[in-house]
Amino acid sequence: MEKIYEKYAKKVYKYIYALSRNNDVAEEILQETFYSAIKNIKNFKNECSTYTWLCTIARNKWKDYLKHQKKISFVSIYDLPEINEKLAKDNLEDTFQQKEMLVNLHKKIHNLPFQMQEVMLLRLYTNLTFKDISQIFGKTEQWTKTMFYRAKAKIKEEFKDE
């Protein structure tokens, strides 16, 4: 299990962080994910990749967390590490505009219906294939593609309306 942790922990963390936008929550859910994986390793039947299985567990742990919190995390402008890294490199005005656009995009993603949001985040942050994402949801690959492209269309439409 240690090798599995070393191989997948960063990827699973990235997915959880994309959902929560909170380091502490992502760490907690990551720990719960691997604890659950250890307890249930005997039930893993290799019907999907190990990574897909771990993302499925992480998704369920995230849903449990939301049930207990009864609220959805909102994106904080200052909690976007990929943008904060660019601050040091780019022109401040350009970076501010890019950061504003990215925050706006994250808000639009987090305002999507929950399943669309999850499909979008899985595709954008983990680079999972549509097939892998469909296995996480227990749906068809076509359903996953449809959800992703509908979410993309909704976001494009919202940007047009601005």
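Residues numbered from 1 in each chain as written. Predicted model: local features only at pLDDT ≥ 70, side-chain atom pairs only at ≥ 80, totals over all residues. Heavy atoms only, no water.

## Focus on helix H1 (residues 2–20)
Right, so step 1: For H1, which comprises 19 residues, the first-to-last C-alpha distance of 25 Å matches the rise-based estimate of 27 Å (1.5 Å per residue) to within 8%.
Right, so step 2: The largest bend in H1 amounts to roughly 50 degrees and is located at Tyr 8.
Right, so step 3: The set of residues buried in H1 consists of Tyr 8, Ala 9, Val 12, Tyr 13, Tyr 15, Ile 16, Tyr 17, Ala 18, Leu 19 and Ser 20.
Right, so step 4: Immediately beyond the C-terminal end of H1, within one or two residues, lies Arg 21, with a positive phi of roughly 55 degrees. (Helix = DSSP H or I, 4+ residues; strand = E, 2+ residues; numbered from the N terminus. Expected span 1.5 Å × (residues − 1). Bend = angle between axes of the 7 residues up to and from the residue. Buried < 20%, exposed > 50% of the residue type's maximum accessible area, 1.4 Å probe, protein only.)

## Observations regarding the nonpolar core
Right, so step 1: If you look at the biggest cluster of nonpolar residues, it comprises 41 residues, and the most contacted ones within it are Val 12, Tyr 15, Ile 16, Leu 30, Leu 54, Leu 122 and Leu 128.
Right, so step 2: Among the secondary structure elements, those contributing two or more residues to this core are H1, helix H2 (23–40), helix H3 (50–69), helix H6 (114–126), helix H7 (130–137) and helix H8 (141–161).
Right, so step 3: Top element by residues in this core is H1. It accounts for 9 residues.
Right, so step 4: Filtering out sequence-adjacent residues up to four positions away, Leu 128 remains in contact with Tyr 51, Thr 52, Cys 55, Leu 122, Arg 123, Ile 133 and Ile 136. (Core = buried A, V, L, I, M, F, W, Y, C linked by side-chain atoms within 4.5 Å. Contact = heavy atoms within 4.5 Å.)

## What about the pattern of salt bridges?
Right, so step 1: Summed over the entire model, instances satisfying the criterion amount to 3 salt bridges.
Right, so step 2: A salt bridge links Lys 108 to Glu 158, with the nearest nitrogen and oxygen atoms 3.8 Å apart. Placement of the pair is Lys 108 in helix H5 (residues 92–110) and Glu 158 in helix H8, with a sequence separation of 50 residues.
Right, so step 3: For Lys 108, a relative accessible area of 7% gives the class buried.
Right, so step 4: For Glu 158, a relative accessible area of 32% puts it in the partly exposed group. (Salt bridge = Lys/Arg side-chain N within 4 Å of Asp/Glu carboxyl O.)

## With respect to a nonpolar patch on the surface
Right, so step 1: Together, Met 1, Ile 38 and Ile 41 give the surface a local cluster of nonpolar side chains, amounting to about 250 Å² of exposed area.
Right, so step 2: Relative to the assigned elements, Ile 38 resides in helix H2.
Right, so step 3: Among the residues examined, Ile 38 registers a relative accessible area of 49% and is labelled partly exposed. (Patch = residues over 30% accessible without salt bridge, like charges linked within 9 Å, V, L, I, M, F, W, Y side chains within 5 Å. Areas by Shrake-Rupley, 256 points an atom, 1.4 Å probe, with all protein chains shown as cover.)

## Re the packing of H1 against H3
Right, so step 1: Two elements in contact, H1 and H3, have axes whose closest approach is 10 Å; the angle formed by their N-to-C orientations is 40 degrees. If you check the angle between H1 and H3, you find them oblique. Here H1 and H3 pass one another in a crossing that is right-handed. On the side of H1, the interface is formed by Ile 4, Tyr 8, Lys 11, Val 12, Tyr 15, Ile 16, Leu 19 and Ser 20, while H3 contributes Thr 50, Tyr 51, Leu 54, Cys 55, Ala 58, Arg 59 and Trp 62. (Axes fitted to C-alpha atoms, helices over the stretch in contact; angles between N-to-C directions. Parallel < 35°, antiparallel > 145°, perpendicular 65-115°, else oblique. Left-handed = near helix turned anticlockwise from the far one by under 90°.)

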